[in-house]
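Analysis of the macromolecular model
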Amino acid sequence: MTRVIALWCPDWPVVAAGADPRTPAIVVSNGRVTACTAAAREVGVRRGQKLRDAQRRCADLEVHDDDLDAQARLFEQVIAVVEALCPRVEVIRPGLLAVPARGPARYYRSEQAAADTVRDVVEAEGFECAAGVADGSFAAALAARVLPAGIVVPPGETARFLAPHPVSVLDRPELAGVLVRLGIRTLGDLAALPAPDVLARFGADGALAHRLARGLQARPPATRPPGEDLAAAMSFDPPLDAEPVVFAAKSLADQLHENLGSRGLACVRVEVEVTTSDGRSWTRLWRHDGLLSSPALAERVRWQLDAWRATPRKGSPGPLGGGVVRLRLAPDQVVVDSGRQLSLWGSRVASDAVERAAGRIQVMLGHAAVTRPVLTGGRGPGEQVTKIPWGDRLDSVRAAKAPWPGRVPNPAPAVVHPEPQPVLVVDEYGRPVTVSGRCEVSAPPAEIMLAGEPLAVTGWTGPWPAHEQWWDAAVARRLARFQVATDDGRAWLLLVEGGRWLVEACYA
Amino acid sequence: MAMRSSVGVQDYSGSPLVAGPIPVLPALQGLLPGGLPRGQVLTVDAAGALPLALVAGAVPAGVPTVDLWCAVVGLPESGMLAAAGMGANLDRLVLVDRPGERWADVVATLLSAAGLVLVQPPGPPPAGITRRLTALARQHGAALVVVGHWEGARLRLQVTSSLWTGLEHGHGHLQGRRVKVVADGRGAGGRPRSAWLWLPGPDGSVAGADLGVVESLEAAG
């Protein structure tokens, strides 16, 4: 069993969001709190809480969106200082990294000294952190969470250390739910069960959790004939900038998975090696206790390149040293792939040709230029669609299923202006129509003037008031919507906000 | 058309071996019998419900077997909610809202991958670009739908009459729009075809609104 030092930066998502730890702030994903500051915790905000519950406990809560890319970019600074001390840093996720303890422990005389040294350099960089040492990265990560700043679990003691932890630390909510209902509340209870029974009842994933609970590695390492190169690499001539490399990474990741899949293997740790045109090469290890799928792997390559682009290394002539000439993905820790069955024909999200075309356009115009529409919640027609850049994850958007009282009724307008356009609305005497604070219309609209073109109104309805996000003064909007049909056969969705009339959409 | 069915014979990778015309909504069958011919250029007069209806027909929701994608270029204002209401599967859409000067390159790239490319050029396209993109559409068997004018387009769809219903003075809400759509051009087989449609109807979908009565009244009047 390998000894591992885990370095954990608490509340990393909020730190990356730029929140002050002394003010209550949370990071939210899918309407639930994923991280909160110490100040927020003091007033009773917890991870997993609903946003509304959190806001009820604390009125002046700062809310941030979950931005994994930003978290990975900032974490790169932590990785850089740790890497200067000990080699072979594994990133488990932004906010948590692991280092094999053997080398540093010898160099710094003891594991405790090594962990303290690592913690000190990261704290000197200005990040709050804790370090723990134990057998395996799962236990080490938990050891790092022991207050005040992590502990060293002596070799062989890991199972005893893990025993009192609740099963929820396995980060498998479904499994944990069943276990708790069966009366198995701690890792110790789980570890006490016979392994074959756990496998029979809970399948491969349960067996994996059982191994973790016993202080073993999640998957036994796979033995394979030496000399077999499973890595996937691609060379670029001429050298490429970071953006196109990410697209290459995706196909490389697919290739890697094919290599492994054909041998019945999977990998839990991947080494990403980037070689630049000035002959340098940078490597980073990425670990995932589940299995790294190819989009997840490509995403990690993107984090890595983004971070390097944002903070050029010392002594390098420029971002990425003038271009990437080679990208290599090597499975670093290979395990037997058990209990993961793809559907018979696979499940492809996008066909290869479309993927390629979207990739080429992203190279031409930038990552955000190619998007996919997703229906989300909202009242106005523009708010009900979110455009997600191609290749980004489609979750983390507001659910469309939730009721939105005051929503503009169907049918939806076919032309929705990205920016509402100013319009003049006058009554039959040519006076501007106004809407009072009590939603009284001064006179029926008779004509609208759009970009100098007068259009006679044949029918109208409204006002439909909407008072949006009134709880937050910075983004609160108070507006009223009107539907107006004009004599040219078109109809308009107008909105009046702060005395100004705007065209939100056109029913054309 | 030799192949009427929109679903070609599929090999196991999911790409159609025999590609038929691109399907259209049932309500548009009268205007475009059999569907949108592949490899040709079609123009519509303005952005709005009509081009979205073509998109909805090409990538209908709930038909996962057809490996067809649809790209929308240079139309940041197109109402995706309206497209979904007409029955489009938004998962099959690729949007390039602001291609800028490189719109022709973007369209050229997309023609190789998407079955239907809907584009609004920023201005009248130069003859060289028109020829190049028309040739690419033919080569890849994709349908290019252009909002605006296009030299050498096979077919032109126009909304010639439009009336919204459901709105009174101060009450009600927009219910549906009855339009007359006319298809003409070389691809129409000599004679312009026309159809009365609910574009959209009260539930957002497209349906026939065959009011022969209205037609004959117009002729008489």
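1. A few points about helix α11 (residues 195–213) of chain A
Residue and element names in this part refer to chain A. For α11, spanning 19 residues, the distance from its first C-alpha to its last is only 11 Å, which falls clearly below the expected 27 Å at 1.5 Å a residue. Along α11, the helix axis deviates most sharply at F202, where the bend reaches about 135°. All of the buried residues along α11 are V198, F202, G206, A207, L208, A209, H210, L212 and A213. Turning to α11, the residues buried within the fold contact α7 (137–144), α8 (158–162), α9 (173–181) and α10 (187–191).

2. Let's talk about the interface of chain A and chain B
By convention, interface size is frequently given as the accessible area that disappears when the constituent parts associate. Tallying the contact residues gives 45 residues for chain A and 51 residues for chain B. Mapped onto the side of chain A that touches chain B, the elements with two or more residues apiece are α14 (352–365), β12 (370–375), β13 (385–389), β14 (415–422), β17 (453–468), β18 (477–486) and β20 (500–507) of chain A. Broken down by element, the residue count for the side of chain A that touches chain B peaks at 9 residues, all from α14(A). Relative to strand β3 (residues 93–96) of chain B, β12(A) runs antiparallel, the two sharing 2 bridges. Across the sheet, the residue bridging to A:T371 is B:L95, located in β3(B).

3. Brief notes about the environment of A:L327
Tracing the chain through its elements places A:L327 in strand β11 (residues 324–336). Note: C-alpha distance between A:L327 and A:V245 (82 residues apart in sequence) is 7.7 Å.

4. With respect to unusual backbone geometry
Cis rather than trans, the peptide bond between A:N410 and A:P411 has omega equal to -10°. Note that A:P411 resides in the loop between β13 and β14. That bond from B:L199 to B:P200 is cis: its omega, -5°, falls within 30 degrees of zero. In this model, A:R109 sits at a positive phi of 80°, which is unusual for a non-glycine residue. Looking at A:R109, the number of C-beta atoms within 10 Å reads 9, which means it is exposed. One non-glycine residue, A:C439, lies in the positive phi region at around 65°. Following the sequence through the fold, A:C439 ends up in the loop between β15 (424–426) and β16 (447–450). For A:C439, a count of 12 C-beta atoms within 10 Å puts it in the exposed group.

5. Some remarks on the packing of helix α3 (residues 103–111) of chain B against helix α4 (residues 127–140) of chain B
The relative placement of two packed helices is expressed as an angle between their axes plus a distance between the axes. Residue and element names in this part refer to chain B. Close contact between α3 and α4 brings their axes to 9 Å; oriented N to C, the two are set at 10°. Here α4 runs roughly parallel to α3, going by the angle between their axes. Packed against α3, whose contacting residues are A104, V107, A108 and L111, the element α4 presents I129, L133, L136, A137 and H140 at the interface.

6. A few points about the sheet that holds strand β4 (residues 62–65) of chain A
Residues and elements named next belong to chain A. With mixed pairing, the 3 strands of this open sheet are ordered in space as β3-β2-β4. Where the open sheet ends on each side, the last strands, each with one partner, are β3 (32–36) and β4. Strand-to-strand, the axes of this sheet are offset by a mean angle of 40°, without reference to chain direction.

7. Describing the pairing of β17(A)
When a strand is regular, its side chains alternate between the sheet's two faces. Alignment of β16(A) against β17(A), held across 4 bridges, turns out to be antiparallel. Bridge pairing in β17(A) places A:M449 opposite A:P454. Adjacent in sequence and paired antiparallel, β16(A) and β17(A) are bridged by 2 residues, among which A:A451 carries a positive phi angle near 50°. Sheet topology note: the β17(A)/β18(A) ladder contains 9 bridges and is antiparallel. Along β18(A), the bridge assignment pairs A:T461 with A:Q483. Summarising the sheet, β17(A) and strand β7 (residues 169–170) of chain B pair through 2 bridges and their orientation is parallel. Following the sheet pairing, A:T461 is matched in β7(B) by B:G170.

8. Concerning the confidence of the model for chain B
The predicted structure's coordinates, where accompanied by low pLDDT, should not be read in detail. All names here are of chain B. Of the residues in chain B, 83% reach a pLDDT of 70 or more, and the chain-wide mean stands at 83. Low pLDDT, under 50, characterises residues 1–18; the stretch is placed with 29 contacts to residues that sit more than four places away or in other chains. Two numbers describe this predicted complex: its pTM, 0.56, and its ipTM, 0.85.

9. A look at the sheet that holds strand β8 (residues 172–184) of chain B
Pairing is mixed in the open sheet, where 11 strands are placed in the order β13(A)-β12(A)-β3(B)-β2(B)-β4(B)-β5(B)-β1(B)-β6(B)-β8(B)-β9(B)-β10(B). Unpaired on one side and paired on the other, β13 of chain A together with β10 (207–208) of chain B mark the two borders of the sheet. Those strands touched by helix α1 (residues 49–58) of chain B are β1 (41–44), β2 (70–73), β4 (116–119), β5 (143–147), β6 (155–167) and β8 of chain B, and its axis lies near 165° from that of β4(B).

10. A short note on the nonpolar core
Among the nonpolar cores identified, the biggest contains 110 residues, and B:V55, B:L116 and B:V117 are the most heavily contacted of them. Considering each element in turn, this core owes the most residues, 8 residues, to α1(B). Counting residues domain by domain, this core receives three or more from each of domain 4 (363–404) and domain 5 (408–507) of chain A. Those residues in contact with B:V117 that lie beyond four places of it in its chain are B:A71, B:V73, B:V107, B:L110, B:L111, B:A142 and B:L144. Grouped together as the second largest cluster of nonpolar side chains are 100 residues, A:V82, A:A134, A:L212 and A:V270 included.

11. Digging into α4(B)
Residue and element names in this part refer to chain B. Its 14 residues place the ends of α4 20 Å apart at the C-alpha level, agreeing with the 20 Å of an ideal helix rising 1.5 Å per residue. Along α4, the residues classified as buried are T130, L133, T134, L136 and A137. Along α4, the residues classed as buried sweep out an arc of 160° about the axis, all on the same side. Facing away from the buried surface of α4 by more than 90 degrees, the exposed residues are A127, G128 and Q139. Close packing links the buried residues of α4 with β1, α3 and β5.

Thresholds applied
- Residues numbered from 1 in each chain as written.
- Chains lettered and ligands numbered in written order.
- Predicted model: local features only at pLDDT ≥ 70, side-chain atom pairs only at ≥ 80, totals over all residues.
- Helix = DSSP H or I, 4+ residues; strand = E, 2+ residues; numbered from the N terminus.
- Expected span 1.5 Å × (residues − 1).
- Bend = angle between axes of the 7 residues up to and from the residue.
- Buried ≥ 20, exposed ≤ 12 C-beta atoms within 10 Å, placed from the backbone.
- Contact = placed C-beta atoms within 7 Å.
- Pairing = 2+ DSSP bridges.
- Axes fitted to C-alpha atoms, helices over the stretch in contact; angles between N-to-C directions.
- Parallel < 35°, antiparallel > 145°, perpendicular 65-115°, else oblique.
- pLDDT = per-residue confidence, 0-100.
- Core = buried A, V, L, I, M, F, W, Y, C linked by C-beta atoms within 7 Å.
- Domains from an automatic or database assignment.
- Arc of directions from axis to C-beta.

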